Amino acid sequence: MENSGIYVGLDIGTTSIKVIVAEYVKNQLNIIGVGSERSDGLSRGVIVDIDRAVTAIKKAVAQAEQKANIQISDVIVGIPADLLEIVPCSGMIAIGDENGNSKEINNDDVYSVTKAALTQKLPPERDIIDVLPDEFIVDGFDGIKDPRGMIGVRLEMKGVVYTGPKTILHNTLKCVQMAGLNVKDTLVAPLALSTVALSDGERDFGTVLLDLGGGQTTAAVVHDHKLKYTYVDQEGGKFITKDISVVLNTSLENAEKVKRNYGYAASYLASKDDLFPVEVVGKTDTVQISGEYLGEIIEARLTQIFTKLKNALVQVNALGLPGGIVITGGVAALPGVKELAEDIFDVNIRIFIPQQMGLRHPSFAQAIGLIQYMTIRSEIEVVVKSALSGNVKQVSQKAEETNNPQLVKVDFDGKKAESKQKKQSKSGAFEGLKNFFNTFFD
């Protein structure tokens, strides 16, 4: 599928809001605008004050618009992995005529079988963020990635549904809409991040991706190009800053500056002899603090975070994956994070830093990942995702880029497909979570 065009990624983080405008042409992603604004109205990755968050989003968007020299209307929004549930789903429909004769599968049929796979009712406090197909089965022939254009009388789909708290999804979308923006798509943040932070081999053979954010730390297990498991620790860079503030008796603003300018994640990498001044509350003169002492404060908090992550990952046997651990996020910029992580996890560690000009800081990785995910998403995934909204979708593909002219510029009528599905579908059911997790890393 040719995904050329302008994309805008919106990363609503606890400490900062990032907006990246990129142009995707001929398989090349070119950054043309960036906006970054200090977050307001968020706590631990979750929006707690809509009005303040809206103001911060508007400021970040305005910066990106000025640099890109365009007006931003549509954005791709990442949804954090807080209380994320990964549930397998399956559905089946009859696609033949009344006499049982086979017919050619089209977009409407894919839409209908997806609706059949989503028939299981969710708890009132949860909502679906995304749905991805694993395979399609046509008349018993499995392993099919895209059934459109094939002939059959029965179509099945097996996939994965990502659900999250309705409060998080609603508040996020509400803020974006109040900022005068249209939500083009919502993506599971760790899944989008994996497309830019991990190589194809790492996503295939299995890797743990750690996003060290300001308000929380997220561990995501990616295997066979799928997000299999997430764990969120409600501690991040802000907690390190708060520790420094309390121990050194300085303001949070000064603590943040000290952390960024002199901080080391592993105290043994810092020197006792390297001293720097710190403004202490209640004292006129600054106090000299050693780099090693500051490193001990930072290391203590990171060790606590890494230990909790390790315990969670050990329970799902994720630390044995070939890809080891890849670390990104704003806190990953601290010197010594790699060394400390190697000591605690005892696996291969790699730090991911974006290489785009002007974005060479791990805090931009998430926003870039949102755009990257959209550019590599297949046409069949777009059709499947459209079943969540029920809106009419138009899936287009240039004739010279496909061998099947019948898939060119197909008008996708969601209402027609849904009506057809109600008459013909045989409801699929959600399978047990226990079996799903037992086969994660087979």
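Below you will find a few notes about this structure. (Residues numbered from 1 in each chain as written. Predicted model: local features only at pLDDT ≥ 70, side-chain atom pairs only at ≥ 80, totals over all residues. Heavy atoms only, no water.)

## Thoughts on the sheet that holds strand S1 (residues 5-12)
And then number 1: In space, the five strands of this open sheet follow the order S3-S2-S1-S6-S13, with mixed pairing throughout. Each end of this open sheet is capped by a strand with a single partner; those strands are strand S3 (28-38) and strand S13 (182-188). With strand direction ignored, the average angle separating the axes of adjacent strands in the sheet is 25 degrees.
And then number 2: Sheet analysis places S1 next to strand S6 (residues 74-79), joined by two bridges and oriented parallel. Note that in S6 the partner of Leu10 across the bridge is Val77.
And then number 3: Together, S1, strand S2 (16-25) and S3 form the strand contacts of helix H1 (residues 50-68), whose direction differs from that of S3 by roughly 140 degrees.
And then number 4: Strand contacts of helix H4 (residues 189-197): S6 and S13, with the helix running at about 80 degrees to S13, the strand carrying the most contacts. (Pairing = 2+ DSSP bridges. Helix = DSSP H or I, 4+ residues; strand = E, 2+ residues; numbered from the N terminus. Axes fitted to C-alpha atoms, helices over the stretch in contact; angles between N-to-C directions. Contact = heavy atoms within 4.5 Å.)

## Observations regarding the pairing of strand S15 (residues 217-223)
And then number 1: Burial runs high along S15: seven of the seven residues are buried.
And then number 2: Bridge count for strand S14 (residues 207-212) against S15 is six bridges, and the pairing is antiparallel. Directly across from Leu210, in S15, lies its bridge partner Ala219.
And then number 3: As paired strands, S15 and strand S16 (residues 226-233) are joined by seven bridges and run antiparallel to one another. Within the sheet, the bridge partner assigned to Ala220 lies in S16 and is Thr230.
And then number 4: In this antiparallel pair of consecutive strands, S15 and S16, the connection spans two residues, and Asp224 shows a positive phi of 60 degrees. (Buried < 20%, exposed > 50% of the residue type's maximum accessible area, 1.4 Å probe, protein only.)

## Comments concerning the packing of aromatic side chains
And then number 1: All told, the structure shown has two aromatic pairs when counted by the stated rule.
And then number 2: Plain terms: the ring middles of Tyr262 and Phe276 are 4.2 Å apart, the flat faces sit at 5 degrees to each other, and that makes the pair stacked. Here Phe276 lies in strand S17 (residues 275-278) and Tyr262 lies in helix H7 (residues 252-262), a separation of 14 residues in the sequence.
And then number 3: Classification of Phe276 by relative accessible area gives buried; the value is 2%.
And then number 4: The ring of Phe364 carries the charged tip of Lys18 above its face, separated from the ring centre by 5.1 Å.
And then number 5: Residue placement shows Lys242 over the ring face of Phe239; its charged tip is 5.7 Å from the ring centre. (Phe/Tyr/Trp six-rings, centres within 6.5 Å; stacked < 30°, edge-to-face > 60°. Lys NZ or Arg CZ within 6 Å of the ring centre and 35° of its normal.)

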